[in-house]
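# Architecture at a glance
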Amino acid sequence: MKIELRMGEWMVTMGLVGLYRVFEYGLKNSLIDQQYKNSIRVLPQGLELETEVLPQLPRAYFLYLIDEYSTAKRTRERLLSYPGQAKRESSFSTALSNIKETIKDMGKEIQQYFPDEPVNPLLEAIKSIKKPEQIEQLEQCIAEFQQLLSKEAINEKLTLNYFKAAVLKSFFGQVSFLNVSKNHLDLEGHIEQFQADYIVPVQRDLQLEQILRSASTEKEVLRFLDEHAEYEPFKALKRAWRKKTLPQMQEEMTAMYECMLFSGRIAFYNFEEMIFSPIGITGKAFNFNWDLRDKQPKPISSLAKLVLFFAPAGAAIYLKKEVFKKQNKKQNKYRMYAGFVQSDAAFSEILQKNNHLKQMKQQKDPFDRIVSKLVQSVTKEANYVVDHLFFLEFSSDYDSKKTHLHYYHLPLYLARYFVEYPGKLDYVHYDYREQFIQDVLRGADPARVIYQYLRDCIENGRSHIGPYIAVRERSRIMQLKRGGKEMEKTDKRVYALYRCGQEIRKALEQAGSPKTADRYSASPSKKISAIAYRLLNAAKAGDRKSFLDTLFRLHMSADQPISPLFLNALHERDLDFPAVANAFIAGLLSQGGQGEQEEVVS
């Protein structure tokens, strides 16, 4: 039987991308028989699926994820980075501690499931290593551990545990093999559970649809329900239909049990947390239910449930550093995110763009470079597609019932920016560049990111061209948003203000007074940092009067003329106040020479 799976909401499209990736992987690695090579075809609006291939998918699904998140591969990459550090005496202790911790943690997990493996001797050997002179012994322990971890059964079990806990838990509740009671299952057990919970329901529901269309009497339908009485939804259906005629059955099926994700499909399930936890809502939240329905407020079919289960294979999974405050101190935390590209283009193009996204995220490309590459083929004829292109990323935790979901829309002026100015943010620090681009894609002013960047430079005594580049690129984006006129003049104005800051710094350093025995005098760099703090606080608060007052005093003490460009801080005809203030402060903090600045001014 052939069925059409149409794109729709982003989670459905994500599931279709994952389904096709798993199918391709299965064919390539002979997990799916070649007789089914044309069983899933790409259509402009989605996929065409031949249902005969369904039983072949569970094995391909698990082996795809095992290959993608292989514990042996991830641990090997981590361990191979440590011996080089250990050879340097200064970093030996840190490297050794990391190696011991990795092997100890992984070793305990291996012992839990494979008690007969020789883990204890290896742990004892690694424990005895304490000096740099034992580097050869350390390398031997690492090699033995990698060999142990590469055993197929061990790698399979540890990888299954990893992607269930770290990846699938972000998408689903404790359904099927994700329930803690199924943790003992091996690979074959997982495949059987997937088959029973996801493949068989689809087959039964599609058969029921066919019976309802082809049956001539109600007895044929009841007989079919009797034959498959072990299927839970059919038990309730049989009781309800025992005394109904065939037309009544058909009418009731159409009226009450239609899937909200795949139109026309029988729906026995509900779209809730355990089916798709990032945006699913518990059935007990009646205020979210249409007409306060308590049984099936958001009905979905077993087919939709299956497609959603392929969503983790359709997303790009990556770690993202987030900064948060705890007891007034900034702390970094890495959170796992799933990213996806959605648009109104044909499914083949969405598939291609998401393959690019996944590849670039694996290479740890910054967000601006990813966006630039994804829109570099944009032409005037494709403007509609670009205007309906957006990125989304989410991090979800089923246990805490919490989801961080970000939508990043790409309007035409931003698409033009990424096409005309690719790679211009390369000089900006990676963390601030990511925040800058995400604010821009959300339609927010990235000035707040530049304030943080400048404060970081002041607090840590950094001198870098990055803040100036961030100010310039913000001005370019704002100018494109207003129509993109006089781009070169805007660039020259920003650069002129930046150079004003550099000239003031140079004058203050040359005028710095030496220390004497009876009188302390702060160094010019400390004075400049204090002034930069004052200017930055005024800029952040939008206090033009305080900013210009400090600016005038600064120019008078340095005996420097004031550029007319600073009047934009008041009337904002050519530049807005944040651009004026931040460009000057970036120059004030810069210690680089003229040659360095000229290289990146264009």
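First, a word on scope: everything that follows refers to the structure included in this document. (Residues numbered from 1 in each chain as written. Predicted model: local features only at pLDDT ≥ 70, side-chain atom pairs only at ≥ 80, totals over all residues. Heavy atoms only, no water.)

### With respect to the nonpolar core
Counting 91 residues, the largest nonpolar core has Phe171, Phe194, Leu208 and Phe268 as the members making the most contacts within it. Per element, the largest residue contribution to this core is 12 residues, and it comes from helix H1 (residues 10-28). Among the nonpolar cores identified, the runner-up in size contains 77 residues, and Tyr408, Ile450, Cys500 and Phe584 belong to it. (Core = buried A, V, L, I, M, F, W, Y, C linked by side-chain atoms within 4.5 Å. Buried < 20%, exposed > 50% of the residue type's maximum accessible area, 1.4 Å probe, protein only. Helix = DSSP H or I, 4+ residues; strand = E, 2+ residues; numbered from the N terminus.)

### Section: H1
Under the 1.5 Å per step criterion, the end-to-end length of H1 is 27 Å for 19 residues, consistent within 8% with the ideal 27 Å. Burial runs high along H1: 17 of the 19 residues are buried. Just past H1, the residue Ser30 takes up positive phi, approximately 60°. (Expected span 1.5 Å × (residues − 1).)

### Here's the deal with the packing of helix H9 (residues 187-214) against helix H13 (residues 302-309)
For the pair H9 and H13, interaxial distance at closest approach is 8 Å and the crossing angle is 140°. Our pair here, H9 against H13, has a crossing hand that is left-handed. Every residue of H13 that contacts H9 at Phe194, Asp197, Tyr198, Ile199, Pro201, Val202 and Asp205 is listed here: Ser302, Leu303, Lys305, Leu306 and Phe309. (Axes fitted to C-alpha atoms, helices over the stretch in contact; angles between N-to-C directions. Left-handed = near helix turned anticlockwise from the far one by under 90°. Contact = heavy atoms within 4.5 Å.)

### Re unusual backbone geometry
Here Glu486, not a glycine, exhibits a phi torsion of approximately 55°, which is positive. Inspection of the secondary structure assignment puts Glu486 in the loop between helix H21 (466-481) and helix H22 (487-510). Positioned with a positive phi, Glu572 is a non-glycine residue whose angle comes to about 55°. The topology assignment puts Glu572 in the loop between helix H25 (568-571) and helix H26 (577-589).

### Structural notes on the pairing of strand S9 (residues 402-409)
With 8 bridges joining them, strand S8 (residues 390-397) and S9 adopt antiparallel strand pairing. By the bridge assignment for S9, Asp397 is matched with Lys402. Counting the residues that bridge the hairpin from S8 to S9 gives 4 residues, and of these Lys401 lies at a positive phi of roughly 55°. (Pairing = 2+ DSSP bridges.)

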